[in-house]
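Understanding the architecture of this molecule
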Amino acid sequence: MALPAKKEHYTFADILAWEGNERVEIINGEIFLMASPFRVHQEISGELFRQLANFLEGKKCRVYAAPFAVRLFEKDGDNPEDVDTMVEPDITVVCDKDKLDKHGCKGAPDMVIEILSPSTRRHDRLVKLGLYQQAGVREYWIVDPENKSVQVFLQDGSSFLKIHEDYGREDIAKVNVLDGCFIELSKVFSE
């Protein structure tokens, strides 16, 4: 199914009304079509999800793999017509169950992971970094399959996401928002 007629300003209500399989994000009312991910992207995503899910078993936090709707700025009482920013991070960790509903997450998750692809590299490093910072995401990972590296950004106490750590393929990466959680990057970048 094709997307509906072009509009000047899209909302989450428009996304809920679509019947097709297109993956989209909306940022400040502008729609962004998402390309299908490459195989290596899916392998990296799957391994990150596996390690996080194993760690979180029996704990209060939850991990979700895309597609998973994150309405960064939605507040209680907002209607879908009021929400004009919805992103689908590759991996999302939410520790506050009150932020979860049948559509995904309303408000800032605790942690977001984006896996770079040629078509999203700039978008993930600039636009989404700015959105996650503004929304109050506490930890943001940018995973680079090409360079087999991970950049970790943390809130610095003044609402800015600042580079905290750079990890390479052989490193064990600390998940700062999950006490005691470490990710074996040699398993993430197995190729």
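Residues numbered from 1 in each chain as written. Predicted model: local features only at pLDDT ≥ 70, side-chain atom pairs only at ≥ 80, totals over all residues. Heavy atoms only, no water.

**A closer look at the sheet that holds strand β7 (residues 104–106)**
The criterion, for reference: At least two DSSP bridges between two strands are required for those strands to pair. The way it works is that DSSP assigns letters per residue, a run of H or I at least four long becomes a helix, a run of E at least two long becomes a strand, and they are numbered from the N terminus.
Across the sheet, 3 strands lie side by side as β4-β7-β6; this open sheet has mixed pairing. Of all strands in the sheet, those bounded by a partner on one side alone are β4 (69–71) and β6 (100–101). As judged from the 2 bridges shared by β6 and β7, these two strands associate in the antiparallel manner. Bridge pairing in β7 places aspartate 101 opposite glycine 104.

**With respect to the pattern of salt bridges**
Inclusion rule: Any carboxyl oxygen of Asp or Glu within 4 Å of a side-chain nitrogen of Lys or Arg constitutes a salt bridge here. Burial classification: accessible surface area is computed with a 1.4 Å probe over protein chains only, and a residue below 20% of its type maximum counts as buried, one above 50% as exposed, and the rest as partly exposed.
Following the criterion strictly, the structure yields 12 salt bridges and no others. Arginine 23 is the partner of glutamate 88 in a salt bridge, and the nearest nitrogen-oxygen pair spans 3.0 Å. Taken together, the residues span a long stretch of sequence, with glutamate 88 in the loop between β4 and β5 (91–94) and arginine 23 in the loop between α1 (12–17) and β1 (24–27) at a distance of 65 residues. Residue glutamate 88 is classed as buried on the basis of its relative accessible area of 11%. A salt bridge links aspartate 156 to lysine 162; its shortest N-O distance comes to 3.3 Å. Aspartate 156 sits in the partly exposed class, given a relative accessible area of 34%.

**Points about the pairing of strand β12 (residues 172–175)**
For a regular strand, the rule is simple: side chains alternate between the two faces of the sheet. What you see with β12 is a clean split: Ala173 and Val175 sit on the buried side and Ile172 and Lys174 on the side with no burial. Relative to strand β13 (residues 181–184), β12 runs antiparallel, the two sharing 4 bridges. Across the sheet, the residue bridging to valine 175 is cysteine 181, located in β13. Counting the residues that bridge the hairpin from β12 to β13 gives 5 residues, and of these glycine 180 lies at a positive phi of roughly 90°.

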